[in-house]
Amino acid sequence: GIVLPESSVEEQRVGAVVFVGKDCKGMEPGEIVLFGIYAGLEVEIDGKLFIVMREEEVLGSIQDA
């Protein structure tokens, strides 16, 4: 296997999906997703921060246990 030092592991962020494009098949609005700290493009609209990203940048979905 591969062993990586903790300093080389990218941090993750969590967010709620607000809108998906017509070609996005893997996510739905309201879903909670995990993505890398450098994923997407941060955009501020009416004082709220949004991150616009490609579906490929989402690392996974957080499901209720």
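Details of the structure are given in the entry above.
Below is a short write-up of the structure. (Residues numbered from 1 in each chain as written. Predicted model: local features only at pLDDT ≥ 70, side-chain atom pairs only at ≥ 80, totals over all residues. Heavy atoms only, no water.)

On to the overall build of the protein, then. Looking only at helices and strands, the protein has 0 helices and 5 strands in total. Counting from the amino terminus, the protein carries its helices and strands in the arrangement β-β-β-β-β. Of all 65 residues assigned to the protein, the portion counted as buried reaches 17%. Pairs at least 24 residues apart make up 40% of the contacts formed inside the protein by residues separated by at least 6 positions. Here the protein has roughly 5600 Å² of accessible surface; of this, 55% comes from carbon and sulfur atoms. (Helix = DSSP H or I, 4+ residues; strand = E, 2+ residues; numbered from the N terminus. Buried < 20%, exposed > 50% of the residue type's maximum accessible area, 1.4 Å probe, protein only. Contact = heavy atoms within 4.5 Å. Areas by Shrake-Rupley, 256 points an atom, 1.4 Å probe, with all protein chains shown as cover.)

A contiguous nonpolar surface patch, about 240 Å² in accessible area, is contributed by Val14, Ile32 and Ile62. Checked against the element boundaries, Ile62 lands in the segment after strand S5 (58–61). Looking at Ile62, the relative accessible area reads 43%, which means it is partly exposed. (Patch = residues over 30% accessible without salt bridge, like charges linked within 9 Å, V, L, I, M, F, W, Y side chains within 5 Å. Salt bridge = Lys/Arg side-chain N within 4 Å of Asp/Glu carboxyl O.)

Attention shifts here to the nonpolar core. Counting 7 residues, the largest nonpolar core is built from Val17, Cys24, Met27, Val33, Phe35, Ala39 and Val58. The contacts of Ala39, once residues within four sequence positions are left out, are Arg13, Ile51, Met53 and Glu57. (Core = buried A, V, L, I, M, F, W, Y, C linked by side-chain atoms within 4.5 Å.)

Okay, the sheet that holds S5 next. Pairing is antiparallel across the open sheet formed by 3 strands, whose spatial order is S1-S2-S5. Looking along the sheet, the strands with just one partner apiece sit at the ends: strand S1 (12–16) and S5. Strand-to-strand twist of the sheet, defined as the mean angle between neighbouring strand axes without regard to direction, takes the value 30°. (Pairing = 2+ DSSP bridges. Axes fitted to C-alpha atoms, helices over the stretch in contact; angles between N-to-C directions.)

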